[in-house]
Amino acid sequence: MLLTDASIAGARVLLWGARAAVEIRCPGPGVLRVRHAPLSSVVGFTHPELPDKRSFAVVAGDALPLRARREGDTVRVSAEGACLEVALASGTWAFSDGEGRVLARSEAVSGEARPAFPLDQLRTRLSLAAPPEEAYLGFGEKVGPLDKRGMRFTFWNTDAFPPQVDTDPLYASIPFFVALRGGVAWGLFLDEPWRSEVDVALGDPARLEWESRGPELDVYLLSGPHPADVVRRYTALTGRPAMPPLWSLGAHQSRWGYENEDDVRGVVRGYRSRGLPLDVIHLDIDHLDAYKAWTWDRARFPDPARLARELAAEGVRVVTIVDPALKAEPGYPVYEEARARDYLVRLDRGDPLVGEVWPDPAVFPDFTRDEVQRWWGDLQRSFLDAGVAGIWNDMNEPACFSVRPGRGVPGPSGQRASGLGPIEGSTLPDDARHGARRHLEVHNVYGLGMARAAFEGLARHAPDRRPFVLTRAAFAGIQRYAAVWTGDFSSNFTHLEASIAMLLGLGLSGVPFTGADIPGFVGRASGELLVRWMQAGLFYPLMRNHAARGRPAQEPWRFGEPYLGLARAVLERRYRLLPTLYTLMWEAAETGLPVLRPLCFLAPGDRHALRADDQLLFGDDLLVAPVVRPGQSKRLMYLPDGAWVDFANLEGSGRREEGGRHVVADAPLEVVPVWLRAGGAVALTAPRMHTTRASWEELVWHVHAAPVVRGCLYEDEGDGDGASRVTRLAGGLDGATFHLERRAEGALPLARAVETIRIHGLPPPRAVAGARSHRVLEGAVEIEVAADWQRIEVRS
């Protein structure tokens, strides 16, 4: 890609040649936007100026100033925390951070255009050097280990049923990765919704190659140096998640097959009569009238508002599914309005595209348009009035089982086109029209637009409540609007294990509110699988039991004892964990950091930590190693450097281990291995049958003594935008004295009179100052303090 000329302005550098152009901007500290247009003169109209471009993902501007100078055939562009050196003869570049470390090099940029009818065929390619020791993490919802090096992926949201552990593509496309080499991280985001593919040093072990079907490669380069720094910068670019309602972090129950309101009542009675905590029940497509969106089958659900009130009295909220496809039925008001307002996706010839999903025939709203999103969001009003608490978006890749062929228009050669462009997977044709855009370009953002419509509609019509939206399909930026679940996983241990690396990849890609169906959606789970998947799901931000129609029901009591008792214990632990989970969700809303983190977040330069694909960090302080193989009662796991205390089942045993090595953890069926990091502090509460407020009436801090200790707790009403309080702990161990101080900010009153602090890793104390009482319990020093305590000191 030959570049010959340069224009340098305050916030933009434009480089161009006879055919290509490159535009460089800075949207934030440590981030450079490099917009490659290798086909600028071929497909554009204003070469070398690049046309305005709407991003569906990016919310940050490009306003920070740049410094640039040209030295012969090289242009050096720098901004706060980042630098790009461009070779004009090839259009390639080297990206460096503020310390002068070269993080990435491009080796080639190219493009080709072939005229075709009705759509020209475009290819743009970017090749990056892939040093042999560099790992590549993220890429959104992708199969495989945490490090995706040696794999190839397609970004094309797909209704994969049932997916296998090597199935690609899946339901979500997030073209972003975090690279890690020598303990230093950087990131790359390709802001292109077009279908694309990436070869992560598979075809050529020394190269990472990205190919898009669009005319450009709009790349954001993000410096670190820590992986967390890259994720923070990426989420500043694409948006931070909103704080979810507390109830959405409780236990969810769902099944495709709850056919009527009595089934739903029975499920809730089944939970309550067996002492099982539950906050949410999901209604699948069974509640719809002939699969028509925004309807109720009144024969099976005669009074939805009454049902919602009855469930609310048990502390259970209702979430209803909605698919984007509308039944093309005369007299159906939603269809008639969408057709009258020209809100539908169209064929190339201009007629509304008609396909088949659950409704048949079906048409599709065009969620790439703001006015369609607002209209769709307003359709939720009647469901909110009936007591529905949240919306579950499904089949929004968009899935389409078949498309009715149209009569194509005559082409330039005189031959008539087929009327349908190519179709990849069960979806819409590439040439389908979304306003002024084609489906090939906007397919991957269809689910993002639907999620935005749901989120903003809920916010408009229930302004005193936080929206809850769950989506299957996603693109970059989805974290602003919705939680994401991993689709139709099968009920087997292989998919249980695969869920961990996949959820870590989503978290690294800016999506913190995630989960996988427990114990798998398709198949026949065993009692052992139920318990082991629930133990992993105890730490999923979204904890939902789900099952498919035509498969065995999977509510916890279906498996009998001892599995029911073990499932109850896991659910109780989930509700004990809520203060820490809620705080981590608040941290995600503030910083973009995920709840579930890979071990390399603690040890970026540790290769063993990088390879721990079946372990996770819950925040910074808890290391979790779920059992993901059948029949195991022990498991090998890796502890990064530092001291760790055995915290299995969220209960301290007093056993301490030094990290930087593998250990064998005891893990009989009733145990999930958990470890508390030295210097960590986590807050637990008492279990409940359902959530109420996130201002905890009972609170126990678990602290692992170390020279430096830090802890945080966020509290509020659990919904809405009222008063809140942030409590921070700071202290540490100095010789034989351990001290801890508490500092609180915010107007929320305390809901408790006392707190308990359990300090692990200390010998029996000689004296304790600042406490009401203390004792030694199971190897820990347990201290009772007033809830508004300020400082404690333990002398050994």
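Note on numbering: residues in each chain are counted from 1, in written sequence order. The predicted nature of this model means local features are confined to residues of pLDDT at least 70 and side-chain atom pairs, given and counted, to a pLDDT of 80 or more, with totals for whole chains, interfaces and linings taken over all residues. Just so you know, side-chain values use all the structure's heavy atoms and leave hydrogens and water out.

A separate point is the overall build of the protein. Only runs of H or I of at least four residues qualify as helices and only runs of E of at least two qualify as strands under DSSP, and these elements are numbered from the N terminus. Counting secondary structure elements, the protein contains 13 helices and 51 strands. The globule rule is 2.2 Å times the number of residues to the power 0.38, and the radius of gyration it is compared with is taken over C-alpha atoms. Computed over its C-alpha atoms, the radius of gyration of the protein comes to 27 Å, within 12% of the 28 Å expected for a compact globule of 796 residues. With the principal axes as the frame, the protein shows a C-alpha extent of 90 × 75 × 50 Å. Of all 796 residues assigned to the protein, the portion counted as buried reaches 61%. Classification of residues uses two cut-offs on accessible area relative to the type maximum, computed with a 1.4 Å probe and protein chains only: under 20% is buried, over 50% is exposed, and between them is partly exposed.

With respect to the element layout, Arg272 can be found in helix α3 (residues 261–273). Counted as a polar contact is a pair of N or O atoms within 3.5 Å, where, for protein atoms, one must be capable of donating a hydrogen and the other of accepting one, and residues adjacent in sequence contribute only when both atoms are in side chains. Polar side-chain contacts of Arg272 include one of 2.8 Å to the backbone oxygen of Leu278. Reaching out from Arg272, the side chain makes a polar contact with the backbone oxygen of Glu314 at a distance of 2.7 Å. Contacts are residue-level and defined by heavy atoms, with any inter-residue pair within 4.5 Å sufficient. Beyond its immediate sequence surroundings of up to four residues, Arg272 is in contact with Pro277, Leu278, Glu314, Gly315, Val316, Met689 and His690.

All right, on to the packing of helix α10 (residues 493–508) against helix α11 (residues 527–537) then. Every axis corresponds to a line fitted to the C-alpha atoms, with the helix fit spanning only the stretch in contact, and the corresponding angles, defined between N-to-C directions, vary from 0 to 180 degrees. At a minimum axis distance of 10 Å, the contact between α10 and α11 shows a crossing angle of 5°. Classified by the angle between their axes, α10 and α11 sit roughly parallel to one another. Every residue of α11 that contacts α10 at Phe493, His495, Leu496 and Ser499 is listed here: Glu528, Leu529, Arg532, Trp533 and Ala536. Each residue is assigned to one of three groups, with Ala, Val, Leu, Ile, Met, Phe, Trp, Tyr, Cys and Pro labelled nonpolar, Asp, Glu, Lys and Arg labelled charged, and all others, Gly among them, labelled polar. Class assignment of the residues belonging to the contact of α10 with α11 gives a composition of five nonpolar, two polar and two charged. Between 65 and 115 degrees an angle is taken as roughly perpendicular, under 35 as roughly parallel, over 145 as roughly antiparallel, and anywhere else as oblique.

To summarise the sheet geometry, strands pair through backbone hydrogen bonds and adopt either a parallel or an antiparallel arrangement. When DSSP finds two or more bridges between a pair of strands, those strands are recorded as paired. Read from one edge to the other, the open sheet built from five strands follows the order β44-β45-β46-β51-β48, with strand pairing classed as antiparallel. Unpaired on one side and paired on the other, β44 (709–716) and β48 (767–769) mark the two borders of the sheet. Here the strands of the sheet are splayed against their neighbours by 10° on average, with no regard to which way each runs. Relative to strand β45 (residues 724–734), β44 runs antiparallel, the two sharing eight bridges. Across the sheet, the residue bridging to Cys712 is Arg728, located in β45.

Relative orientation of the contacting elements α11 and helix α12 (residues 563–591) amounts to 5°, with a least axis distance of 10 Å. It follows that α11 is roughly parallel to α12 by the angle criterion. Contacts between α11 and α12 involve Gly527, Glu528, Leu530, Val531, Met534, Gln535 and Gly537 from the former and Tyr563, Leu566, Ala567, Val570, Leu571 and Arg574 from the latter. When grouped by side-chain class, the residues that make up the contact of α11 with α12 number eight nonpolar, three polar and two charged.

In summary, soluble globular proteins display a tendency toward joint burial of nonpolar side chains. Formed by 251 residues in total, the largest nonpolar core has its most connected members in Phe177, Trp376, Phe618 and Ile759. In terms of residue count, the dominant contributor to this core is α12 (twelve residues). Only buried Ala, Val, Leu, Ile, Met, Phe, Trp, Tyr and Cys residues count toward a nonpolar core, and they belong to the same one when joined by side-chain atoms within 4.5 Å.

This brings us to the side chain of Glu216. One can find Glu216 in the loop between β17 (207–212) and β18 (217–223). We classify Glu216 as buried; its relative accessible area is 9%. Only 2.7 Å separates the side chain of Glu216 from the side chain of Arg35, close enough to count as a polar contact. Ignoring any residue separated from it by four or fewer positions in sequence, one finds Glu216 in contact with Arg35, His36, Ala37, Pro51, Lys53, Thr124 and Glu192.

Turning next to the packing of aromatic side chains. Each Phe, Tyr or Trp ring (for Trp, its six-membered ring) is paired with any other whose centre lies within 6.5 Å, and the angle between the two planes then decides the class: stacked below 30 degrees, edge-to-face above 60, tilted in between. Throughout the structure, instances matching the rule amount to 29 aromatic pairs. Residues Trp256 and Trp358 carry aromatic rings whose centres are separated by 5.5 Å and whose planes lie at 55° to one another, so their mutual orientation is tilted. Residue Trp256 is located in the loop between β19 (251–253) and α3, and its partner Trp358 is located in the loop between β23 (355–356) and β24 (362–363); the two are separated by 102 residues in the primary sequence. In this structure Trp358 comes out as partly exposed when scored by relative accessible area, which is 30%. These aromatic residues form a ring-pair network of at least three members: Trp294, Trp296, Phe301, Tyr343, Phe367, Trp375, Trp376, Phe383 and Tyr446. A ring is considered to have a charge above it if a Lys NZ or an Arg CZ atom is located within 6 Å of its centre and within 35 degrees of its normal. The ring of Trp392 has Arg544 sitting right over it, with the charged end atom 4.5 Å from the ring centre.

Mapping Thr368 onto the fold places it in the loop between β24 and α6 (370–378). The class for Thr368 is buried, based on a relative accessible area of 5%. C-alpha separation for the pair Thr368 and His434, spaced 66 residues apart in sequence, amounts to 6.9 Å. For Thr368, the residues in contact, after removing those within four places along its chain, are Arg54, Phe56, Gln373, His434 and Val442. Polar contacts involving the side chain of Thr368 include one to the side chain of Asp366, which spans 2.6 Å.

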